[in-house]
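Structural features, examined
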Amino acid sequence: MQILINEMKHWMIEAGERLKTALAQEVLEIDTKSSRTDLVTNLDKQTQEFLVERILAFDETANILAEENGKHALESLDGRVYVIDPIDGTMNFVLEGENFCIMVGIYDDGQPVLGFIYNVMKEEFLWGGPSIGVYLNQDRVKIPTIPSLSAGLIGMNCVMYAKNVYHMQEIGHRSMGVRMSGCAGVELAHMALGRRVAYISNLSPWDYAAGGAILAALGMKMSNLNGESLNFKDREYFLAAPAAIYDEILEIALNPEK
Ligand code: IPD
Ligand code: CA
Ligand code: CA
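Owing to the predicted nature of the structure, the values given are computational and were not obtained by experimental measurement.

Observations regarding the packing of aromatic side chains
Here the structure, examined in full by the defined rule, presents 10 aromatic pairs. Between Phe116 and Phe125, the ring centres sit 6.4 Å apart and the planes meet at 85°, which makes this aromatic pair edge-to-face. Residues Phe116 and Phe125 agree in their burial class; the two are buried. Summarising the aromatic geometry, the rings of Tyr208 and Phe232 are spaced 5.0 Å apart at their centres and angled 80° between planes, so their arrangement reads as edge-to-face. A residue pair is termed long-range when its members are at least 10 positions apart, and Tyr208 in helix 7 (residues 205–217) and Phe232 in the loop between strand 13 (220–223) and strand 14 (236–242) qualify at 24 residues. Exposure class is identical for Tyr208 and Phe232. Each is buried. Chaining the aromatic ring pairs together yields one cluster made of Tyr107, Tyr199, Tyr208, Phe232 and Phe238. Here the guanidinium or amino end of Lys9 rests over the ring plane of Trp127, the centre of that ring lying 3.8 Å away.

Below you can see the structure in the form of structure tokens.
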């Protein structure tokens, strides 16, 4: 496992250097996918190819689930699956030049093994898994101690908040404040580091796979907003939080009058 960890970090840092260089020197080729605001660039595709090539050269049995280049579905989660989001926060990448991540989650038969979230411009590399714990760059991450929803900031999807899906406004109101970064990786890393009390969004598997392995290592929970396991197939409403706060949020989401 140590060789895999070292290699993955090395590949992702190299991919990040390529993104930094491209941001400084290249004119991006930007396309839309499902809507005007669903962007993809030549660098999303190139970064994914770079990582897929290296993973397959390292592990020829690897199954790949990834956002771009037609790799967005797998028949099953059997065996070792590498879930890749080559640029999480593409809108931020294009319009801010920061607040985006490269992410890889590794699962064996659907169980989390390792997660890697690299915030490229901040050079914050969060990695780990249930059998090894979690690290920020070289430093071990302690399990955050946030006592309740009312004590912390909550990361939330702006459309869900605006449309008050599952009583998001009440959930936000009971926290210390709502934050919307436009990048699932940034939010899930904030949670691991105790900067957020929870994260609620509408996500695809590559948005939550890496963070899910890291949060599992910290004893946190994630599911859809009915409390059911995420399916690693479709885009779904998503909740992640430490166990007690997870229960508190689900209670409001499903029974707001109580
Ligand atoms: C998106 C970001 C965003 C979340 C979207 C994702 P992408 O990922 O993580 O924060 O709200 O649902 O699709 O498309 O930039 O990789
Ligand atoms: Ca994403
Ligand atoms: Ca992406």
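Considerations on the side chain of Asn119
Residue position: Asn119 is located in strand 6 (residues 111–119). Here Asn119 falls in the buried class, since its relative accessible area comes to 7%. At 3.4 Å, the side chain of Asn119 forms a polar contact with the backbone nitrogen of Lys122.

Thoughts on the packing of helix 1 (residues 2–25) against helix 2 (residues 42–58)
Geometrically, a packed helix pair is captured by the angle between its two axes and the distance between the axes. One way to put it is that helix 1 packs onto helix 2 with a least axis distance of 11 Å and a crossing angle of 160°. When the interaxial angle is binned, helix 1 and helix 2 end up roughly antiparallel. Between helix 1 and helix 2 lies a crossing whose hand is right-handed. Residues Ile3, Leu4, Glu7, Met8, Trp11, Met12, Glu14, Ala15, Arg18, Leu19 and Ala22 of helix 1 lie in contact with helix 2, whose contacting residues are Leu43, Thr47, Phe50, Leu51, Arg54, Ile55 and Phe58.

Re the sheet that holds strand 7 (residues 124–129)
With mixed pairing, seven strands are arranged side by side in an open sheet as 3-4-5-6-7-8-9. Of all strands in the sheet, those with a lone pairing partner are strand 3 (63–66) and strand 9 (139–140), marking the two edges. As defined by bridge partners, strand 4 (residues 80–88) adjoins strand 5 (residues 101–108) across seven bridges and the pair is classed as antiparallel. Bridged to Arg80 within strand 5 is Asp108. Taken strand by strand, helix 2 contacts strand 3, strand 4 and strand 5, and its axis lies near 155° from that of strand 4. Packing against the sheet, helix 6 (residues 184–192) makes contact with strand 4, strand 5, strand 6 and strand 7, and its axis sits at approximately 110° to strand 6.

Cut-offs and rules
In every chain, residue numbers begin from 1 and rise along the written sequence. Following the order in which they are written, the chains are lettered starting with A and the ligands numbered starting with 1. In keeping with the predicted nature of the model, local features appear solely for residues at pLDDT of at least 70, side-chain atom pairs appear and are counted solely at 80 or more, and the whole-chain, interface and lining totals rest on all residues. The basis for every side-chain value is the complete set of heavy atoms in the structure, and neither hydrogens nor water enter the calculation. Any Phe, Tyr or Trp ring, taking Trp's six-membered ring, that has another such ring centre within 6.5 Å forms a pair; planes under 30 degrees apart are called stacked, those over 60 apart edge-to-face, and the others tilted. For the exposure calls, accessible area comes from a 1.4 Å probe over protein chains only, and a residue counts as buried if that area is under 20% of its type's maximum, exposed if over 50%, partly exposed in between. Only DSSP runs of H or I with at least four residues qualify as helices, and only runs of E with at least two residues qualify as strands; both kinds are numbered from the N terminus onward. Ring-over charges, as used throughout, are those where CZ of Arg or NZ of Lys falls within 6 Å of the ring centre and within 35 degrees of the ring normal. Polar contacts here mean pairs of N or O atoms no more than 3.5 Å apart (in protein, one a potential hydrogen donor and the other a potential acceptor; neighbouring residues in sequence count only if both atoms are side-chain atoms). Working convention: axes come from line fits to C-alpha atoms, limited for helices to the stretch in contact. Angles between N-to-C directions cover 0 to 180 degrees. Angular relationships are summarised with four words: roughly parallel below 35 degrees, roughly antiparallel beyond 145, roughly perpendicular across 65 to 115, and oblique for the angles in between. The crossing is said to be left-handed when, going from far helix to near helix, the turn is anticlockwise and less than a right angle, and right-handed when the turn is clockwise. We call two residues in contact when some of their heavy atoms are within 4.5 Å. Strands are treated as partners if at least two bridges between them are detected by DSSP.

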